[in-house]
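Coordinates in review
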Amino acid sequence: MRNPLEWEDSSKACLLLFATLLAHLQYLGWAYYLLSLPQRDELINTEFALSQLPYFHGIVVLSTILFVISIVGSLKRSESVLWQHLGTQYYGISLCYFSFVIGTLTMPTGAVLAAAPVVGLILFDRAAVFGALASSTLLILVISYGSALQWWEYAPVIKNFVSESGHLSMFWLTSMLLFTVPHFLMLTIMAAYVLRRWRMREEEVRYLSLTDPLTSVSNRRSAMSHLERELERSRRKGPSLSVVMVDLDHFKRVNDTWGHGIGDEVLVKAAKTLRETVRQNDMVGRLGGEEFLLILPGTDQKGAEFLAERCRQHIAKLEVDTGQREILKVTASMGIYCNEHNRLLESDMLLEYADQALYHAKESGRNRVVIWHEGCA
Ligand SMILES: Nc1nc2c(ncn2[C@@H]2O[C@H](COP(=O)(O)OP(=O)(O)OP(=O)(O)O)[C@@H](O)[C@H]2O)c(=O)[nH]1
């Protein structure tokens, strides 16, 4: 599914114009329903309603045309902020006309003026939303003051907002709810949908910023901050922490012989093997190139050695199909350091010692696990 936060401008306009068309169809249906009622003369100004029918139709036709144009634009994946201006301006101005007919100081007008910009700002360009808000507010003010100055009647289609007994007219109240609820529903659903996608994207960005794109294990930054956290915990709570530096042997040769594609495949398989061999709360990070780091909380030196040895054996059993009737095998060297004798060591020293042990493993023939000892320094 594509992300609405990355929709083309034409698709956003298309969505808004579709919502506008639905609203105007609802108003047209309402007008026809009222005109069909036997008691219509008691509820509405029939003469005015009939005189406005061509405009109602005209707006529905115009909304349909604009909607179709925006569909064509979105099929062509057209990107231009003008689409957004068109969609938002038409939404605002066409609803102002309806606001003039039923009254500017009403629930639907207030609801749209208050809620539409909030949803709009999530989805549309700021200039488009504020532009449409400015023109609509200005129009609403002109219509309202025009009525106060007796240039035109207020809510010319409605008769008797209040009944003769002084109570609110049931027809008036029901009509207002009928117009308000769909707008609110549409705006709320749109906001909820876009915000959900927004949260998903945030999750995705977080995942990408912490994960190595090739192997899907933690990247260097994420591994380092995890190490700091675990080291702090080890200092406070006591259990020892072990780190294992893992480096694939003669990896340059793999690349040189079989190409980078096969080299990448080896890295992916090795990372997967490490991930599947360690426990759930251990961390596997790729420090770069063919070097990985295992962070093993609550693990003493003996435990780390056992786990590293198991990882080494599993990697040695890996087989990579080279596509040339030859199966490629790889091995890894590992250096271990555990803070069980010195909880105060900083993370860089922990890594330094593990690196020294790894160097020793390489020097003494590769494909082996070495625990740091004085001789490694
Ligand atoms: N395919 C692939 N190769 C990489 C990647 N990152 C680093 N490399 C290669 O990994 C190789 C590392 O080579 P060296 O550092 O010489 O180590 P080595 O050949 O494994 O030798 P030893 O570590 O001493 O056993 C280089 O050829 C890098 O180009 C990667 O993401 N994909």
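In what follows, the accompanying structure is described. In this text, all values refer to a predicted model and were calculated from it rather than measured experimentally. (Residues numbered from 1 in each chain as written. Predicted model: local features only at pLDDT ≥ 70, side-chain atom pairs only at ≥ 80, totals over all residues. Heavy atoms only, no water.)

1. Here's the deal with the packing of aromatic side chains
Enumeration according to the criterion identifies 17 aromatic pairs in this entry. On the numbers, 4.5 Å between centres and 45° between planes, the contact of Tyr353 with Trp372 is tilted. Of this pair, Tyr353 sits in helix α12 (residues 347–363) while Trp372 sits in the segment after β7 (369–371), and the two are 19 residues apart along the sequence. Take Tyr353: its relative accessible area is 18%, and that puts it in the buried class. Here the aromatic cluster, defined as three or more aromatic residues joined through ring pairs, consists of Tyr27, Trp30, Tyr55, Phe56, Tyr97, Phe98 and Phe179. (Phe/Tyr/Trp six-rings, centres within 6.5 Å; stacked < 30°, edge-to-face > 60°. Helix = DSSP H or I, 4+ residues; strand = E, 2+ residues; numbered from the N terminus. Buried < 20%, exposed > 50% of the residue type's maximum accessible area, 1.4 Å probe, protein only.)

2. Side note on the packing of helix α5 (residues 107–123) against helix α6 (residues 126–148)
Relative to each other, α5 and α6 sit at 170°, their axes nearing to 9 Å. In terms of orientation, α5 and α6 fall into the roughly antiparallel class. Contact residues: Thr109, Leu113, Pro117, Gly120 and Leu121 in α5; Arg126, Val129, Phe130, Leu133, Ser136, Thr137 and Ile140 in α6. A class-by-class count of the residues in the contact of α5 with α6 yields 7 nonpolar, 4 polar and 1 charged. (Axes fitted to C-alpha atoms, helices over the stretch in contact; angles between N-to-C directions. Parallel < 35°, antiparallel > 145°, perpendicular 65-115°, else oblique. Contact = heavy atoms within 4.5 Å. Nonpolar A, V, L, I, M, F, W, Y, C, P; charged D, E, K, R; others polar.)

3. Regarding the pairing of strand β2 (residues 283–288)
In terms of residue burial, β2 counts as a mostly covered element, since 5 of its 6 residues are buried. Note: β2 against strand β3 (residues 291–297), 5 bridges, orientation antiparallel. Looking at β3, one finds that Gly288 is bridged to Glu291. With antiparallel pairing between neighbouring strands as the criterion, β2 and β3 make up a hairpin whose turn holds 2 residues, including Gly289 at a positive phi of roughly 50°. (Pairing = 2+ DSSP bridges.)

4. Re the site of the ligand
Near the ligand lie 16 residues; those nearest to it are His250, Phe251, Lys252, Asp264 and Arg286. A distance of 2.7 Å separates an oxygen atom of the ligand from a polar atom in the backbone of Phe251. Note that an oxygen atom of the ligand is positioned 2.8 Å from one of the backbone N or O atoms of Lys252. Protein contacts shield 67% of the accessible area of the ligand, which totals 670 Å² for the unbound molecule. Contributions of two or more residues to the shell around the ligand are made by β1 (241–248), α9 (251–258) and α10 (260–277). Counting residues per element, the shell around the ligand draws most heavily on α10, at 4 residues. Tallied by class, the residues present in the shell around the ligand amount to 3 nonpolar, 5 polar and 8 charged. (Near = heavy atom within 4 Å. Polar contact = N/O pair within 3.5 Å; in protein donor to acceptor, adjacent residues only side chain to side chain. Areas by Shrake-Rupley, 256 points an atom, 1.4 Å probe, with all protein chains shown as cover.)

5. Some details on the sheet that holds β1
Here 5 strands make up an open sheet; going across it, the order is β2-β3-β1-β6-β7 and the pairing mixed. The sheet terminates laterally at β2 and β7, the two strands that pair on one side only. Each adjacent strand pair in this sheet contributes to an overall mean axis angle of 20°, direction not counted. Note that strand β6 (residues 332–338) and β7 share 3 bridges and pair parallel. Across the sheet, the residue bridging to Ile336 is Ile371, located in β7.

6. Focus on the pattern of salt bridges
The tally for this structure, following the rule as stated, stands at 12 salt bridges. Residue Arg286 is joined to Asp212 by a salt bridge in which the shortest nitrogen-to-oxygen separation is 3.1 Å. Of this pair, Arg286 sits in strand β2 while Asp212 sits in the loop between α7 (170–210) and α8 (220–237), placing them 74 residues apart in sequence. Between Arg235 and Glu346 there is a salt bridge, with its nearest N and O atoms 3.6 Å apart. (Salt bridge = Lys/Arg side-chain N within 4 Å of Asp/Glu carboxyl O.)

7. A short note on α10
Given a rise of 1.5 Å per residue, 18 residues ought to cover 26 Å, and the 25 Å separating the end C-alpha atoms of α10 matches this to within 8%. Listing the buried residues of α10 in full gives Ile262, Gly263, Val266, Leu267, Ala270, Ala271, Thr273, Leu274 and Thr277. (Expected span 1.5 Å × (residues − 1).)

Any functional reading would require information beyond the geometric quantities listed.
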